Amino acid sequence: MSCCPPRSAEKLEQLSQSKRFANLSSCNQDFIAGLTERFAFSQQDLFQLAELATDFEMWDSGDLQDLWDESDIEHLNSKLRKQEVIRRLKTKWEDFRVSLPNYQNHHPLQKKGKITFSRKDSDDTVLGVCPVYSPKTRCCNLQTLDAVMNCGFECTYCSIQSFYHGEEIVFQGNFKEKLQKIEIDPNRTYHIGTGQASDSLLWGNKENVLSDLFEWAERHPNVILELKTKSANIRHLLDHPVPKNVIATWSLNAPTIAKNEEHRTASTSARISAARRVADKGVIVGFHFHPIVQFNGWDKEYPELISQLTEQFTPEEVALVSLGTLTFIKPVMKQLRDRKQKSKILQMPMEDAAGKFSYPIEQKEKFFKYIYDCFKPWHDKVFFYLCMEDPSLWPAVFGFDYESNDEFENAMKTAYLDKIQNNPKCQ
Ligand code: SF4
């Protein structure tokens, strides 16, 4: 570290204690240290510089020294000079943020941690509600079954990482007994999903999770059990009878996003082939386009992916297609920045979305419409929905909206049951 005025040295010392600064490249650390010799930055200015540098590093947008501009400021007093150079850097940051991320030459860092397993014996129920449900958005009131806590995949945008930390995967002890304790009203239809607290198929039938679920679903034909996954681990489904009220759904993304932001997951093509093999066996499938990400080439990659689906699957085999996009809560954005991760997922224009952060609603309306239009062959034959979105987007994208989340929920269940009961492979 270069020598600088005593006050600046103190500030620098304080800054160097921060995770943000510590995670920066030595090149950026040295550059910021050097700046304190020429500019009377406040502690807050220094933290801001470290924040901006963190994003530039995550986005592969260049080192601070290449982005820094202190030309033609000699005529300004020291306070104005300081403000001007920070303003210029923020403008560059904003320009990058609203520009479409380009993943060419992007080399994401893969987390190296070793996954460990444990069992948690407790009396907690395993039945819950969708962790990202919000009454402010049009929501399907999904109920969830958490057989496993924490995920072995590492999707940069995923909010699970703000619930669970580290690489410990926790299996529910006495899961079978807990399933039996769930009160199910035989006169009601339920839509219950696994895959919110972990991936539904990644672990196969470890700890008998899948065989316990299938046995339970068999006993409750009025429960639509949705196994949501980014995995291609379908061995158990191929080798064992799957109750017809169990549906398997894949989260799909453009190959560029799957490769660069969905680490350790099965590739997009492996997920599609897994879905195809399971559908061949007579299991109703579905696809979640969530999160749809705006990047350089999105308008080509998503249509290509969608035509693969409409070519390889018939509407009779597919219960649903959901559309959703990036929605962040502050803890996840902080964790992403704290983790020294090469990721462009935060390189996006953001505005408030029901208390979270997402693309501007006008932009969402455009790309949701574009994606939905690509599914034309399946319109009116497959159940489409927007996941966790502002109700005003529904009429803009689908031409209608539901009166309430309950009405949405009932329409979804009716549509899924119709596919299950009329499944040509299960007659
Ligand atoms: S719409 Fe999406 S966020 Fe809302 S309850 Fe359903 S799955 Fe959860």
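For the structure itself, look to the data block above.
No experiment lies behind these values; they were computed from the predicted model shown.

Criteria and cut-off values
- Residues numbered from 1 in each chain as written.
- Predicted model: local features only at pLDDT ≥ 70, side-chain atom pairs only at ≥ 80, totals over all residues.
- Heavy atoms only, no water.
- Near = heavy atom within 4 Å.
- Nonpolar A, V, L, I, M, F, W, Y, C, P; charged D, E, K, R; others polar.
- Pairing = 2+ DSSP bridges.
- Helix = DSSP H or I, 4+ residues; strand = E, 2+ residues; numbered from the N terminus.
- Axes fitted to C-alpha atoms, helices over the stretch in contact; angles between N-to-C directions.
- Buried < 20%, exposed > 50% of the residue type's maximum accessible area, 1.4 Å probe, protein only.
- Polar contact = N/O pair within 3.5 Å; in protein donor to acceptor, adjacent residues only side chain to side chain.
- Contact = heavy atoms within 4.5 Å.
- Salt bridge = Lys/Arg side-chain N within 4 Å of Asp/Glu carboxyl O.
- Core = buried A, V, L, I, M, F, W, Y, C linked by side-chain atoms within 4.5 Å.
- Domains from an automatic or database assignment.
- Phe/Tyr/Trp six-rings, centres within 6.5 Å; stacked < 30°, edge-to-face > 60°.

(A) Region of the structure containing the site of the ligand. Looking at the ligand, the residues that line it are Cys130, Val132, Tyr133, Cys139, Cys140, Asn141, Leu142, Cys387 and Met388. Classifying every residue of the shell around the ligand gives eight nonpolar, one polar and no charged.

(B) Up close: the sheet that holds strand β16 (residues 383-386). Pairing is mixed in the open sheet, where eight strands are placed in the order β2-β3-β7-β8-β9-β11-β12-β16. Because the sheet does not close on itself, it has two edges, and the strands there are β2 (127-129) and β16. Averaged over all adjacent pairs, the angle separating strand axes in this sheet is 25°, with direction ignored. Pairing of strand β7 (residues 190-194) with strand β8 (residues 223-229), which is carried by five bridges, proceeds in the parallel orientation.

(C) Spotlight on the side chain of Arg271. Tracing the backbone through its elements, the reader meets Arg271 in helix α11 (residues 268-280). Looking at Arg271, the relative accessible area reads 0%, which means it is buried. At 2.8 Å, the side chain of Arg271 and the side chain of Glu262 are in polar contact. With sequence-adjacent residues up to four places away left out, Arg271 is seen in contact with Lys230, Trp250, Ser251, Leu252, Asn253, Ala258, Glu262, Thr265 and Ala266.

(D) Highlighting the pattern of salt bridges. Per the stated rule, a full pass over the model turns up 28 salt bridges. Through salt bridges that share partners, Arg20, Glu51, Lys334 and Asp338 make up one connected network.

(E) Highlighting the nonpolar core. Trp250, Phe287 and Phe289 are the most contacted members of the largest nonpolar core, which has 120 residues in total. Looking at this core, you find at least three residues from each of domain 1 (6-98) and domain 2 (116-426). Excluding its chain neighbours within four sequence positions, the residues that come into contact with Phe287 are Trp250, Leu252, Ala275, Leu309, Phe313, Val318, Leu320, Val321, Ser322 and Trp378.

(F) Spotlight on the packing of aromatic side chains. What the rule picks out here adds up to 31 aromatic pairs. For the ring pair Phe31 and Trp68, a centre distance of 5.8 Å and an interplane angle of 75° mean the geometry is edge-to-face. Taken together, the residues Phe31 in helix α3 (residues 26-35) and Trp68 in the loop between α5 (64-67) and α6 (78-98) connect sequence positions 37 residues apart. Taken individually, Phe31 and Trp68 each receive the classification buried, so the pair is uniform in this respect. With a centroid separation of 5.3 Å and an interplanar angle of 90°, the aromatic rings of Phe117 and Trp203 are classed as edge-to-face. Taken together, the residues Phe117 in strand β1 (residues 116-120) and Trp203 in the loop between β7 and α8 (209-219) connect sequence positions 86 residues apart. Given the relative accessible area of 40%, Phe117 is considered partly exposed.

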